[in-house]
Amino acid sequence: IKIKEIGTVLRSLGLASSEAQLREFATEAAQKDEAFVQFSDFLGFVKRAQTHEASKSVDFDKEMKGLHEGIKHFCDKLTQKQSRETNADMVKISDIKHLLSAVGDKMSEEELEEMSREMRGTCRIQDGR
């Protein structure tokens, strides 16, 4: 692959490397070839990126709270202050489906329905929330 495509290929593999790490990879690759990454070097970059990903600790509760706040803000059209003051514990499934179909990678209707079925089967549902 081309050196400038290292980040794109890593992301396609599900690895989110920092800009600093990508610059480091590019510098190392450029020492052997100005334009292309040697396959053995790329495998080393993948392993290092995987190690870096695994070392990140994610506060799941904090991430879910952020998602919840974002959904309330965008789907219920609440300001941040209103969102903080209304302490709703639930989010509408339809709002999650709308958000996922409107931003980022578009999900097909089949994928959205499958996700909805899974949520209904594994989460506490009350009045479509």
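Residues numbered from 1 in each chain as written. Predicted model: local features only at pLDDT ≥ 70, side-chain atom pairs only at ≥ 80, totals over all residues. Heavy atoms only, no water.

### A closer look at the environment of Lys97
By the secondary structure assignment, Lys97 is in helix α6 (residues 93-102). We classify Lys97 as buried; its relative accessible area is 17%. Each C-alpha atom, one on Lys97 and one on Glu109, is 9.2 Å from the other, the two residues being 12 residues apart in sequence. Among all residues touching Lys97, those that are not within four sequence positions of it are Glu109, Leu112, Glu113, Met115 and Ser116. (Helix = DSSP H or I, 4+ residues; strand = E, 2+ residues; numbered from the N terminus. Buried < 20%, exposed > 50% of the residue type's maximum accessible area, 1.4 Å probe, protein only. Contact = heavy atoms within 4.5 Å.)

### Some thoughts on a negative patch on the surface
On the surface, a cluster of negative charge is contributed by Glu109, Glu110, Glu111, Glu114 and Glu118. Residue position: Glu111 is located in helix α7 (residues 109-122). (Patch = residues over 30% accessible without salt bridge, like charges linked within 9 Å, V, L, I, M, F, W, Y side chains within 5 Å. Areas by Shrake-Rupley, 256 points an atom, 1.4 Å probe, with all protein chains shown as cover. Salt bridge = Lys/Arg side-chain N within 4 Å of Asp/Glu carboxyl O. Lys, Arg positive; Asp, Glu negative; His and termini not counted. Charge placed at Lys NZ, Arg CZ, Asp CG, Glu CD.)

### Details of the packing of aromatic side chains
Within the structure shown, the criterion is met by one aromatic pair. Aromatic pair Phe25 and Phe45: ring centres 4.5 Å apart, planes at 15°, arrangement stacked. Here Phe25 is found in helix α2 (residues 19-30), whereas its partner Phe45 is found in helix α3 (residues 39-55), with 20 residues between them in sequence. (Phe/Tyr/Trp six-rings, centres within 6.5 Å; stacked < 30°, edge-to-face > 60°.)

### Considerations on α3
Helix length check: α3, at 17 residues, gives a terminal C-alpha distance of 24 Å against a target of 24 Å (1.5 Å per residue), a fit within 8%. Taken together, the buried positions of α3 are occupied by Asp41, Phe42, Phe45, Val46 and Ala49. The arc that holds the buried residues of α3, viewed along the axis, is 145°, so those residues lie on one side. Facing away from the buried side of α3 by more than 90 degrees, the exposed set consists of Ser40, Lys47, Thr51, Ala54 and Ser55. Here the buried face of α3 lies against α1 (6-12) and α2. (Expected span 1.5 Å × (residues − 1). Arc of directions from axis to C-beta.)

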